[in-house]
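Architecture and fold: a report
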Amino acid sequence: MPAINPVVDLAADGEIAILSVNYPPVNALSHQVRAGLLDGIRTASTDPAIKAIVLICEGKTFIAGADITEFGKPMQPPGLVEVQDAMEAAPVPVIAAIHGTALGGGFEVALCCHYRVAVASAKCGLPEVNLGLLPGAGGTQRLPRIVGVEQALDMVTSGKHVDGKTALAAGLFDELVPEGTLRASAIAFARKVVAEHRPLKRVRDADDKLAAARGKPEMFDAFRKANAKKFRGFLAPEYNIRAVQAAVDHPFDAGLAIERKLFVELMQGTQSAAQRYVFFAERQVWKIPDVPDDTQTIPIKRVGIIGAGTMGGGIAMNFANIGIPITIVEAKQDALDRGLGVVRKNYERSTKSGRLTMADVDQRMALFTGSLELEALADCDLVIEAVFENLAIKQDVFGKLDRIVKQGAILATNTSALDIDQIATAVARPEAVIGLHFFSPANVMRLVEVVRARHTSKPVIATSLALAKKLGKIAALVGVCPGFVGNRILYARSQQANAMLMEGAMPWDIDKAIYDFGLPMGPFAMSDLAGLDIGWSAERTSSSTIREVLCERNRRGQKTAAGFYDYDEQRNARPSPVTEQIIREFAARSGAPQRTISEAEILERCLYAQINEGAKILEEKIAIRPSDIDIVWINGYGWPVYRGGPMFYADTVGLREVVAKLEGYGAKLGKDFAISPLLRQLAADGKRFGDLK
Ligand code: T1G
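Residues numbered from 1 in each chain as written. Predicted model: local features only at pLDDT ≥ 70, side-chain atom pairs only at ≥ 80, totals over all residues. Heavy atoms only, no water.

Notes on unusual backbone geometry
Leaving glycine out, the prevailing phi sign among residues is negative, and the prevailing peptide bond configuration is trans. Going by this rule: For the purposes of this entry, the term helix denotes a DSSP run of H or I that reaches at least four residues, the term strand denotes a run of E that reaches at least two, and both are numbered from the N terminus.
Cis geometry is adopted by the peptide bond preceding Pro78, which originates at Pro77 and carries an omega value of 0 degrees. Cis peptide bonds are those with omega within 30 degrees of zero, and the linkage from Ser440 to Pro441 qualifies with -5 degrees. Within the secondary structure, Pro441 sits in the loop between strand S16 (433-438) and strand S17 (447-452). Phi at Asn554 takes a positive value of approximately 55 degrees, unusual for a residue other than glycine. For Asn554, the position within the fold is in the loop between helix H23 (546-552) and strand S19 (565-567).

Description of the site of the ligand
For clarity, the threshold we go by: The rule for a residue being near a molecule or strand is that one of its heavy atoms must lie within 4 Å of it. Pairing of N or O atoms within 3.5 Å defines a polar contact, subject to two protein rules: one partner must be a possible hydrogen donor and the other a possible acceptor, and residues neighboring in sequence count only if both atoms are side-chain atoms. Surface accessibility in these figures is a Shrake-Rupley result with a 1.4 Å probe; residues are shielded only by whichever protein chains are displayed. Here the term charged refers only to Asp, Glu, Lys and Arg, the term nonpolar to Ala, Val, Leu, Ile, Met, Phe, Trp, Tyr, Cys and Pro, and the term polar to all other amino acids, Gly among them.
Taken together, 25 residues lie around the ligand, and Gly105, Glu108, Glu128, Arg283 and Lys287 are the ones closest in. The backbone of Ala66 places a nitrogen or oxygen atom 2.8 Å from an oxygen atom of the ligand. For the ligand, an oxygen atom lies 2.8 Å from a polar atom in the backbone of Gly105. In the complex, the protein chains occlude 73% of the 1,000 Å² of accessible area that the ligand would expose alone. At the level of secondary structure, the elements contributing two or more residues to the shell around the ligand comprise strand S6 (101-103), helix H3 (105-110) and helix H13 (270-284). The biggest single contributor to the shell around the ligand is H13, with three residues. Along the lines of polarity and charge, the residues of the shell around the ligand split into 14 nonpolar, five polar and six charged.

Here's the deal with the sheet that holds strand S8 (residues 123-125)
Short version of the rule: We treat two strands as partners when DSSP finds at least two bridges between them.
Overall, mixed pairing links the three strands, which are arranged S6-S8-S9 in an open sheet. Edge strands, defined here as strands with exactly one partner in the open sheet, are S6 and strand S9 (162-163). Two strands pair when backbone bridges link them, and S8 and S9 are joined in this way by two bridges, in the antiparallel orientation. Looking across to S9, one finds that Lys123 is bridged to Asp163.

Below, the structure written as structure tokens:
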């Protein structure tokens, strides 16, 4: 049988045709793959010697979806539906042979085959919602016909990958075959189907699972209600729900047309553009121009953590989760016991949700060695310091580590703001010093800012990034400056938020604007959660800021049931007349003129100040690319992924508009505020941050 094209091959094993795709890295459904599949199916279907067709893929995975790099470009024929129709209508059985991850359009192709066999390690799913989309090639119509409405709703709105056993039980796979035997087993399965004259199972014809849901529209509303918090701000989950409902309410082709219409609406929207941008940004962030992929890395077999507090304990859990033994050092026994106790409690909490068993908890706790001696860290490959945020204390610790820890080890600090070059002056091997800035709770938050200091070596950088990936984190390599990327941009926003308090806005006005924009919490609610007395002391207080006055009045945040907000027993926040009075009096004392500030101004001043700071960070090469800044803010500060991050958002607003608004606000932005020259230049040139490579 003829090879079809460079990425699709057609061969035969006797009466069984084998249509194989070989388009690395993930056999995405590019136009060439689509053309090859259509041609292959037609050729095999019209060959009288062929009794069945096996569709299989080379490389690491079955088709992992439509080719996302083709989105936004004119679609080249054939369309995917044409390919699918040819498969479903084939006169002989078509069997999908699945390994790796059959995702999106790839799984939709498999659902058009009459049978699906897979190795046990295979996964399948419709993750389009993570791209701000829905399965646009029949997935929302065929999936519920196999698994029923509830499981279909869960799969298309979560985008989760379902494992082989679950897929078999749900009827998505017809047979699981031994690892490494996929091709031969699929051919044998095809022969069995032919020999037993099994029917050409067309999923589109199935109806019983839909019938069970017909006349029960309330189940969709119940699903919406149960997930309202999770879906807040996102368009795609709602569109997925409507498409699945169309499968219940309409015949197949009518449902397919509704799915198509909803898909096109999402594809043309800004949310999907943002989420597709983030998909590629999450892959770009690991690429460091001057640290090649083949840079030598240091094997990390044992990790040392200094400080068993909230951060130290959380960081340590990440390593125990992947089986790396940890030595955790504290100054006092009670602090050590308390720290390890918190770690065990956190693990035990996971047994309640069934994520861990008690055996898992014991196995992870067995990886912990507690000590009161820094000398216990001598043989560690990586030591992470998580002690009190004070430069002198950190320099003292690093000086001691330099004398104790074996050569070749990485000496890392979890500082969230201090100058790591200053910390590195305490050691004779500054090339081994790096910042690993985890976010609290460190065992949960996905982001790590990997901070490259002046002398940090490339193997230390490469090792730290590879390790972050192994920990299941997303890491952005950033340079040394106060607050690195995340906190520095947060500080720029706080300056505007605090300034607007003095001009007449209330904390709840500002928080509402930020919350409605899509962040999980505004700056003042966040401060109340963290505690207003961080860095405050009753001895040194001088009523010089609103925050100090609040602390002096024992309004230190949620923990005192009062801060910027008042809190009830369930910690629900409500605007506080006491805080309002404190702010009004404070502003009056400072002579600041009061005025009503619009939600638009609140947002623009907060967000555009962040964008401006991001531009300065790029100017200073503290971040490698704008999308890294977006990755930091999406994964560390709750910036909604459907807005792409501050830098992507700036491009959707238009940089000229951002500059014009900042110029418009002028002195209100503060005497030290200056518009970034890079931002000005890009705006003047009609360019976007997205044009910066
Ligand atoms: N299109 C184009 N490129 C893709 C791609 C895709 N679908 N998936 C991955 N890549 C690239 C990726 O950018 C990277 O490139 C390389 O492959 C390796 O990826 C009609 C409309 C499959 C689980 O959402 O989830 O079908 O950086 O680093 O960790 O309904 O990739 O090396 O240059 O992620 O092993 C639906 C997306 C599409 C799946 C593999 N499908 N991909 O993970 O490798 S929409 C998806 C993934 C759709 C239809 C709709 C993962 C993976 P580079 P990687 P990995």
